[in-house]
Amino acid sequence: MGRDNQTRVTGFFLLGLSGQSEQEEVLFGLFLCMYLVTIIGNFLIVLAIGCDTHLHTPMYFFLASLSCVDICFSTVTIPKMLVNHILGSKSISYVECMTQIYFFITFINMDGFLLSVMAYDRYTAICCPLHYTMIMRPKLCVLLVAASWVITNLHALLHTLLMVQLTFCSNNVVHHFFCDPYPILKLSCSNTFISDLMVFTVGGLIFMTPFTCIIVSYAYIFSNVLKLPSTHGIRKALKALSTCGSHLTVVSLFYGAILGVYMRPSSSYSVQDVVATVIFTAVTPLVNPFIYSLRNRDMKRALRKLVSDSTV
């Protein structure tokens with residue numbers, strides 16, 4: 001009984017991104033604007049794809065799914081930080097923290113899986129154009145997204161169940177703006193060997209599988225392009241770059257920030273890693289709509305049509 005009273009915590013304290021009140025005010029306004037633009041931008045992408053029948057293709061189905069995930073991904077972390085700032089509080093309950101961890105792991109993995117599915121779609125469209133419609137059937141597209149949801153939720157459930165088994169002592173201050181699994185692991189006063197092992201085995205597998213699929217897909221795309229005759233190869237290379245450029249930009253931004261944070265033991269987590277975390281939790285969902293809409297003529301046409309129809 002004494003041990004339970006000593007180790008059972010009711011919540012954590014999120015220190016945020018800065019300890020100075022002046023900087024917190026600026027960051028509050030910045031994150032509020034980023035969150036609103038993220039929600040509006042991704043919602044417009046989903047609405048434009050849903051309303052334009054010309055965009056009812058596998059590529060845009062996956063893009064709409066990615067936008068939905070980005071909306072949820074941002075909603076998991078940013079609103080709680082904004083509410084705490086308004087209320088003048090830095091606390092988050094234990095249940096809220098564990099819930100945040102669960103959905104954070106789910107949506108960050110879903111981003112990776114959807115990016116890999118989109119890479120496979122581009123590979124099929126460029127390397128197997130004659131068989132594209134037969135391969136990328138609607139049932140397969142739905143199955144790929146559904147399987148991604150199942151895998152990511154099971155992984156998040158496993159990690160969260162291991163987290164709730166840990167013991168937390170008097171130190172419950174998190175040097176972050178949300179319940180990131182690594183800083184929470186660092187606070188535990190019990191043995192985190194099993195959790196760390198799961199991170200580097202199951203977590204590493206869940207992370208590296210879609211990343212490897214992306215690398216292999218683009219390796220096949222450009223190797224096939226280079227094997228074509230010069231004139232035809234140049235035209236197809238330009239087409240590949242035009243359709244894959246947006247996707248590659250998002251992949252570089254997303255995975256570039258994650259690799260430096262989560263491919264290390266939890267004990268080595270530093271405050272500097274918060275910057276990289278902000279990039280893939282707030283910046284990537286923010287820029288995704290702009291990257292895909294500004295570099296895609298079909299999306300720009302659909303958005304203009306959506307705006308004109310709503311104005312009329």
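Per an unreviewed UniProt entry, the recorded name for the chain is Olfactory receptor, and the organism is Catagonus wagneri. Here is the UniProt Sequence similarities (unreviewed entry) comment for the chain, exactly as written: "Belongs to the G-protein coupled receptor 1 family."

Let us look at the UniProt feature "transmembrane region" (unreviewed entry) in the chain. As recorded in UniProt, the feature "transmembrane region" (unreviewed entry) lies at residues 26-48, 60-81, 101-120, 140-158, 197-221, 241-262 and 274-294. Across residues 26-48 one finds 100% helix and 0% strand; the C-alpha atoms that close the span lie 33 Å apart.

It is worth spelling out the side chain of Asn84 at this point. Along the chain, Asn84 turns up in helix H3 (residues 58-87). Asn84 gets classed as buried once you look at its relative accessible area, which sits at 6%. Of the polar contacts made by the side chain of Asn84, one reaches the backbone oxygen of Ser91; its length is 3.2 Å. Here Asn84 is in contact with Leu14, Ser89, Lys90 and Ser91, once residues within four sequence places are set aside.

A word on the nonpolar core. Within the largest apolar cluster, 85 residues are counted, with the highest numbers of intra-cluster contacts made by Phe12, Leu115, Phe168, Ile184 and Met299. Those residues in contact with Ile184, other than ones at most four positions away along the chain, are Phe12, Cys97, Met98, Ile101, Met163, Phe168, Val174 and Cys179.

This part is about a nonpolar patch on the surface. Taken together, Leu32, Leu36, Ile40, Phe43, Leu44 and Leu47 make up a surface patch of nonpolar side chains, about 500 Å² in accessible area. Take Phe43: it is sitting in helix H2 (residues 21-51). Residue Phe43 is classed as partly exposed on the basis of its relative accessible area of 47%.

A few words on the pattern of salt bridges. Taken as a whole and assessed by the stated rule, the structure comprises three salt bridges. A salt bridge links Asp52 to Arg301; the nearest nitrogen and oxygen atoms lie 3.0 Å apart. In this pair, Asp52 is assigned in the loop between H2 and H3 and Arg301 in helix H11 (residues 297-311), connecting sequence segments 249 residues apart. The exposure class assigned to Asp52 is buried, which follows from its relative accessible area of 2%. The exposure class assigned to Arg301 is partly exposed, which follows from its relative accessible area of 31%. Ionic pairing is found between Lys80 and Glu96, a salt bridge with its closest N-O pair at 3.5 Å. One end of the pair, Lys80, is in helix H3; the other, Glu96, is in helix H4 (residues 94-127), with 16 residues separating them in the sequence.

As a further point, take the sheet that holds strand E2 (residues 91-93). In space, the three strands of this open sheet follow the order E2-E1-E3, with mixed pairing throughout. On the outer flanks of this sheet lie E2 and strand E3 (173-174), each paired with one strand and no other. Pairing between strand E1 (residues 11-14) and E3: two bridges, direction parallel. Paired with Leu14 across the two strands is Val174, which belongs to E3. Strand contacts of H4: E1 and E2, with the helix running at about 80° to E2, the strand carrying the most contacts.

What counts and what doesn't
- Residues numbered from 1 in each chain as written.
- Predicted model: local features only at pLDDT ≥ 70, side-chain atom pairs only at ≥ 80, totals over all residues.
- Heavy atoms only, no water.
- UniProt positions renumbered as here; feature names shortened; annotations may be inferred.
- Helix = DSSP H or I, 4+ residues; strand = E, 2+ residues; numbered from the N terminus.
- Buried < 20%, exposed > 50% of the residue type's maximum accessible area, 1.4 Å probe, protein only.
- Polar contact = N/O pair within 3.5 Å; in protein donor to acceptor, adjacent residues only side chain to side chain.
- Contact = heavy atoms within 4.5 Å.
- Core = buried A, V, L, I, M, F, W, Y, C linked by side-chain atoms within 4.5 Å.
- Patch = residues over 30% accessible without salt bridge, like charges linked within 9 Å, V, L, I, M, F, W, Y side chains within 5 Å.
- Areas by Shrake-Rupley, 256 points an atom, 1.4 Å probe, with all protein chains shown as cover.
- Salt bridge = Lys/Arg side-chain N within 4 Å of Asp/Glu carboxyl O.
- Pairing = 2+ DSSP bridges.
- Axes fitted to C-alpha atoms, helices over the stretch in contact; angles between N-to-C directions.

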